[in-house]
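So the chains spell out like this:
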Amino acid sequence: MLAAALVLAPLTFSWGAFLIFLATAGVTLCAGHSVGFHRRLIHRSFEAPKWVDRVLMWLGTAVGIGGPIWTIRLHDSRDWAQRQPDCHWFLRHGKPWLIDGFYYLHFRLELARPPAFAPGPVADDPFYRFLDRTWMQQQLPIAALLWLGGGLPWLVWGVFVRVSACTTMHWCISYFAHTGAPDDWSVDGAVIQASNVALLAIPTMGESWHGNHHAFPSSARHGLYPGQIDLGYRFVQLLERLGLAWDVKLPTNLPPRRGLTPLTSRALSAVSPEQAELTAARTVA
């Protein structure tokens, strides 16, 4: 994908093709990756009808990073490691930016003694298994539609450039969100503390408010404080208004979580009274 994008994108550029890239990337990243895979599939931050769930899962697979079961394995393995007192440099982005990107985008880490992996009911779902087996081939119907609609330029920018950009963006936010200082919250005992990356809020659909997410992983809302744009949560709100999402979990209605330390005075403004009472005495600043 990257090789094709680098070679063909300059040769096929047009403003129409660029708009196709923005539209396809925006839809798949927001509805698919941010809302479907991350907030719905992994963290179960809201409930939805099965057909909505299926659409979100297909859109998440269409991003081009991997299938749903593979995504759970990758996410859970990394998060398990980051919550330990120490972890392998690959899982904590312990190399300089360019070196880390080279390894992260072109290699995989195989552990001699990997932690147990229990994906739950999704592993028994034929649709999830189908997407996991055929995740690369899911680009073919997209490519066919783009070819019919706009020829080679639309195909190049709607598939090759989009998949390359989205995959690189996924690594980029993971790197910067796990190598900076924590903002409003820290998680006790974790070797890796997450930070919020404001500049990447819009292209990541709110995923870059990662410090907030580490504190409240089950929350459907990542941008918790004034000025923190969270397009993924806005999409969840839209689904909720349409009756297509319910039981939306937020820091204000989640059970209190122990092991959190507020780092700023504003941190407690976004949580439930019970969470505030539990952690108020631990506020650092």
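Throughout what follows, the structure given in this document is the object of discussion.

Procedures and definitions
- Residues numbered from 1 in each chain as written.
- Predicted model: local features only at pLDDT ≥ 70, side-chain atom pairs only at ≥ 80, totals over all residues.
- Heavy atoms only, no water.
- Helix = DSSP H or I, 4+ residues; strand = E, 2+ residues; numbered from the N terminus.
- Buried < 20%, exposed > 50% of the residue type's maximum accessible area, 1.4 Å probe, protein only.
- Arc of directions from axis to C-beta.
- Contact = heavy atoms within 4.5 Å.
- Polar contact = N/O pair within 3.5 Å; in protein donor to acceptor, adjacent residues only side chain to side chain.
- Salt bridge = Lys/Arg side-chain N within 4 Å of Asp/Glu carboxyl O.

**Things to note about unusual backbone geometry**
And then number 1: One non-glycine residue, Met205, adopts positive backbone phi at about 60°.
And then number 2: Examined against the element boundaries, Met205 turns out to sit in the loop between β1 (185-187) and α9 (210-215).
And then number 3: The class of Met205 is buried, set by a relative accessible area of 10%.
And then number 4: The phi angle at Asp247 is positive, at roughly 50°, despite the residue not being glycine.
And then number 5: If you trace the backbone, Asp247 turns up in the loop between α10 (231-241) and β2 (260-262).

**Structural notes on α10**
Three or four residues apart is the spacing at which side chains of an α-helix point the same way, because the helix has 3.6 residues per turn.
And then number 1: Within α10, burial applies to Gly232, Tyr233, Val236, Gln237 and Leu239. The buried residues of α10 occupy one face: seen down the axis, they fall within an arc of 160°.
And then number 2: On its buried face, α10 sits against α2 (15-42).
And then number 3: The backbone nitrogen of Gly232 lies 3.3 Å from a side-chain oxygen of the residue at the head of α10, namely Asp230.
And then number 4: Phi turns positive one or two residues past the end of α10, at Gly243, with a value near 80°.

**Brief notes about the pattern of salt bridges**
And then number 1: Under the counting rule described, the total for this entry stands at 9 salt bridges.
And then number 2: One salt bridge connects Arg39 with Glu207, and the closest N-O pair in it is separated by 3.3 Å. Of this pair, Arg39 sits in helix α2 while Glu207 sits in the loop between β1 and α9, and the two are 168 residues apart along the sequence.
And then number 3: By relative accessible area, Arg39 is classed as buried at 1%.
And then number 4: A salt bridge links Arg266 to Asp184; its shortest N-O distance comes to 3.0 Å. One end of the pair, Arg266, is in the loop between β2 and α11 (273-279); the other, Asp184, is in the loop between α8 (139-177) and β1, with 82 residues separating them in the sequence.
And then number 5: We classify Arg266 as partly exposed; its relative accessible area is 37%.

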